[in-house]
Amino acid sequence: MTNPINNSTFKNMETLYNLQRNEKYYTKWIEREKDSFYQDEIDWFKNSISTEGINFDYNFMEGKDPNNQKEYDEQTLLLGQGQLAELDTNQDGEISFDEYVYDQNAYMLEDPELYTKEDVLEAHTNSALLFSIIDNGMGNSDSSGTLSAEEFASFYKNLDQFAVDENSQGYLTGEFDGVVNVKNTDNMISFLIDNLVPQSLQDQEKNLLDQILTLKNMEKQQVSQLYKNMINWQQQHTDAINNALEASYLAETDAQKDEIAQQYNDEATKIGYEFDFMEGKDPNNKEEYNEQTLKLGQGDVISMDTNGDGEVSYEEYLNYELNGLTEEEYEIARPIAGELFHIIDENLENSDFSGTLSAKEFASFYKNLDQLKIDENFQGQLTGEFDGKLNIDSVDMITFIEQFAN
């Protein structure tokens, strides 16, 4: 698979996609927040994110001849390989329905104030229908239930020949010049769906996704306060560390660095190095202890379970754990996250080797975090003692993996 980081053909076009997405996002955000700002502030902000003057016609041939079939196919395949690598959360070389539909639209669920229920439902429905079209109705479609680089290449080939007339009606020209208009993407998706999917099937898909998303939103609201408190505790420590590292990088003297280190220690102490998840219950009472670890496990499942089936797939787990990372952070974190998934599924007390993670398996993970202690040499040790407290130093996945890896 071509790495999109080194694939300038895809990366350059993805940059234009990002500009368009940002323009849509911030325009929507400004509209929502307009009562909070003066008009001159809104005008300044609009100008600062404006994409006016950006050429959204992108020539993906890189100087090659679009009339040369071999060269044309090579370039569209580069775009397809880039799209595949970008969406392939579990890096198995193909895009599943979950990766294409739920994972790439998950960000909308995290911002319900900006994206209405109808926005979310429309995005998921269009993705689901387009997935089926790419898998079943294009030149390289193989009806396999997953999407390949070649199938994505067919999508880009159709985008190349797609145009909009003076009446804002889309049509396929039959002409391929190696130039695509990024802003035409949404128009072509609507064109394909309207022309290839009967309205009855569109409505059926939308109703099904509505039920799934409604269930998911209900489950989101049922995340225990205990789990929310734990995540907040971890995030506070992460923020404190990142702030200290950033300040240390800018510090010019040892005295300044020492002061920053002291400030970090004070902040970490204030946050608390331990998180007590027993909520006043007795950690020596096995029933109460298991009840509390299960609350934490249920929180993980609800947070990561994008498609609402009650369990966490490998794809969902990686998407959640790696979301928002930079390219450099992703390269470091991905193998760690992948190894941890398999440990939870295969090497702990409640592991069931199913290829998905349940609340009970996550509960086992937290139970083992509880007994994992770090000594003065920063070496991990399984103590066999369970006090219902997580130590921030023990929430180190590399140390955890060292204890449980095969």
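Scroll up for the structure.
Note that this is a predicted model, so its numbers are computed, not measured.

Q: Would you mind going over the overall build of the protein chain with me for this structure?
A: For the protein chain, the helix and strand inventory stands at 16 helices and 10 strands. Per-residue burial over the protein chain gives 41% buried out of 406 residues. Considering only intrachain contacts with a sequence separation of at least 6, the fraction spanning at least 24 residues in the protein chain is 60%. Summing over all exposed atoms, the protein chain offers an accessible surface of approximately 22,200 Å²; the carbon and sulfur share of this is 46%. Where the 26 positive side-chain charges of the protein chain centre and where its 83 negative ones centre are 4 Å apart.

Q: Just to check I follow, could you spell out helix H14 (residues 327-346) for this structure?
A: Side chains three or four residues apart in an α-helix point the same way, a direct result of the helix having 3.6 residues per turn. The end-to-end C-alpha distance of H14, which contains 20 residues, comes to 29 Å, matching closely the 28 Å that a straight helix rising 1.5 Å per residue would cover. At Ala333, H14 shows its maximal kink, close to 35°; a proline, Pro335, follows between one and four residues later. Packed against the buried residues of H14 are strand E6 (312-313), helix H13 (314-322), strand E7 (356-357), helix H15 (359-371) and helix H16 (397-404).

Q: Explain the pattern of salt bridges here, please?
A: Side chains that differ in sign of charge can pair as their charged atoms come close. The final tally for this structure, using the stated rule, is seven salt bridges. The salt bridge partner of Glu291 is Lys281, with a shortest N-O separation of 2.7 Å. Here Glu291 is found in helix H12 (residues 286-304), whereas its partner Lys281 is found in the loop between strand E5 (274-276) and H12, with 10 residues between them in sequence. Here Lys367 ties to Glu349 by a salt bridge, and the two come within 3.3 Å at their closest N and O atoms.

Q: I tried to follow the packing of aromatic side chains on my own but got confused; where do I start?
A: Each aromatic ring pair is specified by the distance between its two centres and by the angle formed by the two planes. This model, assessed by the stated rule, comprises 17 aromatic pairs. Measuring from centroid to centroid gives 6.1 Å for Phe97 and Tyr102, while their planes differ by 70°, and the two rings are edge-to-face. Since its relative accessible area comes to 27%, Phe97 is described here as partly exposed. A relative accessible area of 3% places Tyr102 in the buried class. With a centroid separation of 5.3 Å and 80° between ring planes, the pair formed by Phe97 and Phe131 is classed as edge-to-face. Separated by 34 residues along the polypeptide, Phe97 in helix H4 (residues 97-103) and Phe131 in helix H6 (residues 117-136) bring together distant segments of the chain.

Q: Help me understand unusual backbone geometry, please; the structure alone is not making it clear to me.
A: Glycine aside, residues mostly have negative phi angles, and peptide bonds mostly take the trans form. Of note, the phi angle at Ser168 is positive, near 65°, even though the residue is not glycine. Looking at the element boundaries, Ser168 is found in the loop between strand E2 (162-164) and strand E3 (170-172). In the Ramachandran plot, Glu279 falls in the positive-phi region, its phi being about 55° despite a non-glycine side chain. The residue Glu279 is located in the loop between E5 and H12 in this model. For Glu279, a relative accessible area of 45% gives the class partly exposed.

Q: What is the right way to look at H6 in this model?
A: The end-to-end C-alpha separation of H6 is 29 Å, in line with the 28 Å expected for 20 residues at 1.5 Å each. Within H6, 14 of the 20 residues are buried, which leaves the element mostly enclosed by the surrounding structure.

Calculation notes
- Residues numbered from 1 in each chain as written.
- Predicted model: local features only at pLDDT ≥ 70, side-chain atom pairs only at ≥ 80, totals over all residues.
- Heavy atoms only, no water.
- Helix = DSSP H or I, 4+ residues; strand = E, 2+ residues; numbered from the N terminus.
- Buried < 20%, exposed > 50% of the residue type's maximum accessible area, 1.4 Å probe, protein only.
- Contact = heavy atoms within 4.5 Å.
- Areas by Shrake-Rupley, 256 points an atom, 1.4 Å probe, with all protein chains shown as cover.
- Lys, Arg positive; Asp, Glu negative; His and termini not counted.
- Charge placed at Lys NZ, Arg CZ, Asp CG, Glu CD.
- Expected span 1.5 Å × (residues − 1).
- Bend = angle between axes of the 7 residues up to and from the residue.
- Salt bridge = Lys/Arg side-chain N within 4 Å of Asp/Glu carboxyl O.
- Phe/Tyr/Trp six-rings, centres within 6.5 Å; stacked < 30°, edge-to-face > 60°.

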